[in-house]
Amino acid sequence: MRTECLINGEWVGADSGKTFEVTNPATGRVLTSVPRMGGAEARRAVDAAFAAWPAWRSRTAADRGKLVGELGRAMMRDQDRLAGLMTAEQGKPLGESKGEIAYAASFLEWASEEGKRLYGEIIPASAAGKRILVLRQSVGVAAIITPWNFPAAMITRKLGPALACGCPVVIKPAEDTPLSALAIAELAEEVGIPAGVVNVITGEAKAIGGAWLDDDRVRKLSFTGSTEVGRVLMKGASEHLLRLSLELGGHAPFLVFDDADLDKAVAAATACKFRNAGQTCICANRFIVQEGIHDAFVERFAEAINDLKVGEGTGDGVSIGPLINDAAVEKVESHVRDAIGKGGTVRAGGERVRIDGLADRFYAPTLITGMTPEMKIFREETFGPVAAVTRFKDEDEGVRLANDSEYGLAAYFFTRDASRLMRVAEALEYGIVGANDGGPSTAQAPFGGVKHSGFGREGGRYVMDEYTEIKYVSWGL
Ligand code: ADP
């Protein structure tokens, strides 16, 4: 297990020698400690990345792609080891951790190929003696700040395209889950990505983020995390007009129309809501169900929820692990209390699950009916295993309820009417729409939000725009 940071090809501790502890959320026990770095180390990471930029961007795309692809393959070779590490620091069930490693590696594989297709353009000029060339070039040093809910994939879906486009990176993973990030850095070194091209530091978020925002050599910041921190970063970025990608909070609606395939809708609702114990930015948070199918949906959904096993992520058949920390459990409790106080009915779960020998961070998968727009759960991201349901009469009302949020990341709906499918897909004010699909995330498709969910796209060919500049060369003959 790597417990030092990687700067310029060297594994180092904080200048101060200080560290902070990483704990297993399921047991509450300390796993290890990692460096508590700050502004000075953050600037040194940029020194390294900036120095590495000319050589890295001058390599051929095929050459860069080969290394990026090898990093993905090394992750798959070590899938079990990396999954174990992830479950230990993050808590998610081992099967989900394995799935995340494969998902994380898929971004590297995709980017390794897509880097070869950064085509420019030659545009017919209006003057006979001129030629118009358009080049796509790497933006430069990219800073990457990631959350704890997907400790590997949130890194690789930025890292892969950045590297493929010719950008060296400085990475700061979340305090709760630094070990997966350090393990990826170790593999980057092992496959031969040159010193300084990938730098990973752990420590004080504000000091590190502040140092990067203040540094003119950082040309791009890609952030996944809360809307609140996204706003802080956007303000800070204005000084140097830093390019941003912000993948922020979500509050996904999940519409079920009377004509939906009930089996599919229930299966998708269960997977989409309870993956990672509901701690994902695209997980369904508001179930909006048409009157005719409401009762049948609730009954089937409650059955599916009662089948979910809660426990430590390493346990057999466990599908709901611990929440990341005490504050997360308290937030879930406050949402459930508020919903009950405002007339909601608990149909499954509704309380903590206490397990001998483990930390008090487990919450039963929960179903609440009678959700209203006045409830916290309708307005705020719960980030926990709670599904709340409301009913609607017609398509207009359903879409209106779905769009009644400041967020705009992902939305889901189920219908068997092809005309409605396109109408509703177009009407939903969200960056990602799962139409009869509860799991839309994949490396080749654009991922990102609108409204307070941020801007910029990750995945597919679209992400390459985030790490490249367009240069116009007017060529007089
Ligand atoms: P979450 O609610 O998912 O923990 P946060 O937005 O709080 O989301 O954190 C996401 C990432 O942003 C983490 O790596 C965290 O350390 C980092 N972060 C938090 N505050 C700041 C800040 N002021 N500047 C830079 N990074 C920050």
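Each chain has its residues counted from 1, running along the sequence as written. Per-residue local features are limited, in this predicted model, to residues with pLDDT of at least 70; the limit for side-chain atom pairs, both in listing and counting, is 80 or more; totals at the level of whole chains, interfaces and linings are taken over all residues. Side-chain measures were taken over the full set of non-hydrogen atoms in the model, leaving aside hydrogen atoms and water.

Caption draft 1: How the structure looks around the overall build of the chain. Helical segments are the DSSP runs of H or I of at least four residues, strand segments are the runs of E of at least two, and each set is numbered from the N terminus. Scanning the chain from terminus to terminus reveals 14 helices and 22 strands. The reference for a compact globule is 2.2 Å times residues^0.38; the radius of gyration itself is calculated from the C-alpha atoms. Taking 2.2 N^0.38 as the reference for a compact globule, 477 residues should give roughly 23 Å; the C-alpha atoms of the chain span a radius of gyration of 23 Å, in line with that estimate. Each principal axis of the C-alpha atoms in the chain carries an extent, and together these give about 70 × 60 × 40 Å. The buried label applies to any residue whose accessible area, calculated with a 1.4 Å probe on protein chains only, is under 20% of its type's maximum; exposed applies above 50%, and partly exposed to all values in between. Sorting the 477 residues of the chain into buried and exposed places 57% on the buried side. The contact rule is simple, with two residues in contact once any of their heavy atoms fall within 4.5 Å. Here the analysis covers contacts within the chain between residues at least 6 apart in sequence; of these, 73% occur between residues at least 24 apart. Carbon and sulfur atoms provide 50% of the accessible area of the chain, an area that totals close to 18800 Å². Computed with a 1.4 Å probe, the accessible areas rest on the Shrake-Rupley method; for each residue, only the protein chains presented here act as cover.

Caption draft 2: Looking closely at helix 9 (residues 262-274). One less than the number of residues in a helix, times 1.5 Å, gives the span that helix is expected to have. Taking 1.5 Å of rise per residue, 13 residues should cover 18 Å, and helix 9 covers 18 Å from first to last C-alpha, within 8% of that figure. Buried within helix 9 are the following residues: L262, A265, V266, A268, A269, T270, C272, K273 and F274. Counting of polar contacts relies on pairs of N or O atoms within 3.5 Å, with two restrictions inside protein: one atom must be capable of donating a hydrogen and the other of accepting it, and residues adjacent in sequence are counted only when both atoms are side-chain atoms. Backbone nitrogen of D263 and a side-chain oxygen of the N-cap are separated by 3.1 Å at the start of helix 9; the cap is D261. Directly after helix 9, the chain includes N276, whose backbone phi takes a positive value near 55 degrees.

Caption draft 3: Just the site of the ligand, in detail. Nearness is judged by heavy atoms alone; a residue qualifies as near a molecule or strand once a single heavy atom is within 4 Å of it. The local shell around the ligand holds 17 residues, among which T146, W148, K172, E175 and S226 are the closest. In this structure, an oxygen atom belonging to the ligand sits 2.7 Å away from a main-chain N or O atom of T146. K172 places a side-chain nitrogen or oxygen 2.9 Å from an oxygen atom of the ligand. When isolated, the ligand has an accessible area of 560 Å², and the protein chains bury 78% of it. More than half of the atoms belonging to the ligand lie within 2 Å of the grid points that define the largest pocket. Counting residues per element, the ones that place at least two in the shell around the ligand are helix 7 (205-213), strand 10 (218-224) and helix 8 (227-237). The dominant element in the shell around the ligand, judged by the number of residues it contributes, is helix 7, at 3 residues. A pocket here means an open set of points on a 1 Å grid, computed over the protein atoms alone, that has protein on both sides within 12 Å along at least five of seven lines. A cavity is instead a set of points where a 1.4 Å probe fits but cannot get out; residues with an atom within 4 Å of a point line either one. Molecules are considered to sit inside a cavity or pocket once more than half of their atoms lie within 2 Å of its grid points.

Caption draft 4: Broad picture of the packing of helix 13 (residues 395-403) against helix 14 (residues 418-427). Two elements in contact, helix 13 and helix 14, have axes whose closest approach is 10 Å; the angle formed by their N-to-C orientations is 30 degrees. It follows that helix 13 is roughly parallel to helix 14 by the angle criterion. Crossing handedness for the pair helix 13 and helix 14: right-handed. In this structure, helix 13 contributes E395, V399 and N403 to the contact, and helix 14 contributes R420, R423, V424 and A427. Looking at the contact of helix 13 with helix 14 residue by residue, the class counts come to 3 nonpolar, 1 polar and 3 charged. Here an angle of 0 to 180 degrees is reported between the N-to-C directions of two axes, which are lines fitted to C-alpha atoms, with helices fitted over the stretch in contact. For classification purposes, an angle smaller than 35 degrees is called roughly parallel, one larger than 145 roughly antiparallel, one from 65 to 115 roughly perpendicular, and anything else oblique. By convention, the crossing between two helices is left-handed when the near helix turns anticlockwise from the far helix through less than a right angle, and right-handed when the turn is clockwise. Polarity classes work like this: nonpolar for Ala, Val, Leu, Ile, Met, Phe, Trp, Tyr, Cys and Pro, charged for Asp, Glu, Lys and Arg, and polar for all others, with Gly in that last group.

Caption draft 5: Here's a closer look at helix 6 (residues 178-190). Compared with an ideal rise of 1.5 Å per residue, which puts 13 residues at 18 Å, helix 6 spans 19 Å between its outermost C-alpha atoms and is within 8% of the ideal. Residues of helix 6 that are buried: P178, L179, S180, A181, L182, A183, I184, A185, L187 and A188. Of the residues one or two after helix 6, G192 is the one with positive phi, at around 100 degrees.

Caption draft 6: A look at the sheet that holds strand 5 (residues 121-123). Note on pairing: two strands pair once DSSP finds at least 2 bridges between them. Strand order in the open sheet made by the 3 strands is 5-6-22, with antiparallel pairing throughout. The strands lining the two open edges of the sheet, one partner per strand, are strand 5 and strand 22 (468-476). Here the average twist between neighbouring strands, direction ignored, is 25 degrees. With 9 bridges joining them, strand 6 (residues 130-138) and strand 22 adopt antiparallel strand pairing. When the sheet's bridge partners are listed, S138 is paired in strand 22 with T468.

Caption draft 7: Seen up close, the pattern of salt bridges. Salt bridges are counted wherever a side-chain nitrogen of Lys or Arg sits within 4 Å of a carboxyl oxygen of Asp or Glu. What the rule picks out here adds up to 32 salt bridges. Between R217 and D215 there is a salt bridge, and its shortest N-O distance comes to 2.8 Å. One salt-bridge network, in which partners are shared between bridges, spans R77, D78, R81 and E190.

Caption draft 8: Spatial organisation of the packing of helix 1 (residues 39-58) against helix 7. At a minimum axis separation of 8 Å, helix 1 and helix 7 run at an interaxial angle of 45 degrees. On the basis of their axis angle, the class for helix 1 and helix 7 is oblique. The hand of the helix 1/helix 7 crossing is right-handed. On the side of helix 1, the interface is formed by G39, A42, R43 and V46, while helix 7 contributes A207, I208, A211 and W212. The residue inventory of the contact of helix 1 with helix 7, partitioned by class, reads 6 nonpolar, 1 polar and 1 charged.

Caption draft 9: Region of interest: the nonpolar core. We call a set of buried residues a nonpolar core when its members are Ala, Val, Leu, Ile, Met, Phe, Trp, Tyr or Cys and they connect through side-chain atoms within 4.5 Å of each other. In this structure, F254, L255, F287, F297, F301 and L367 are the most contacted members of the largest nonpolar core, which totals 69 residues. Of all hydrophobic cores here, the second largest spans 57 residues; its members include A52, A111, I193 and A443.

Caption draft 10: Spatial organisation of the sheet that holds strand 18 (residues 410-414). Taken together, 7 strands build an open sheet; the order of strands is 14-15-16-13-12-18-19 and the sheet is mixed. With one partner strand each, in any of the chains shown, strand 14 (345-348) and strand 19 (432-435) form the two edges of the open sheet. Adjacent strand axes in the sheet meet at a mean angle of 25 degrees, parallel and antiparallel pairs treated alike. Here helix 13 sits on the sheet and contacts strand 12 (252-256), strand 13 (284-290) and strand 16 (386-392); the angle it forms with strand 16, its principal contact strand, is near 145 degrees.

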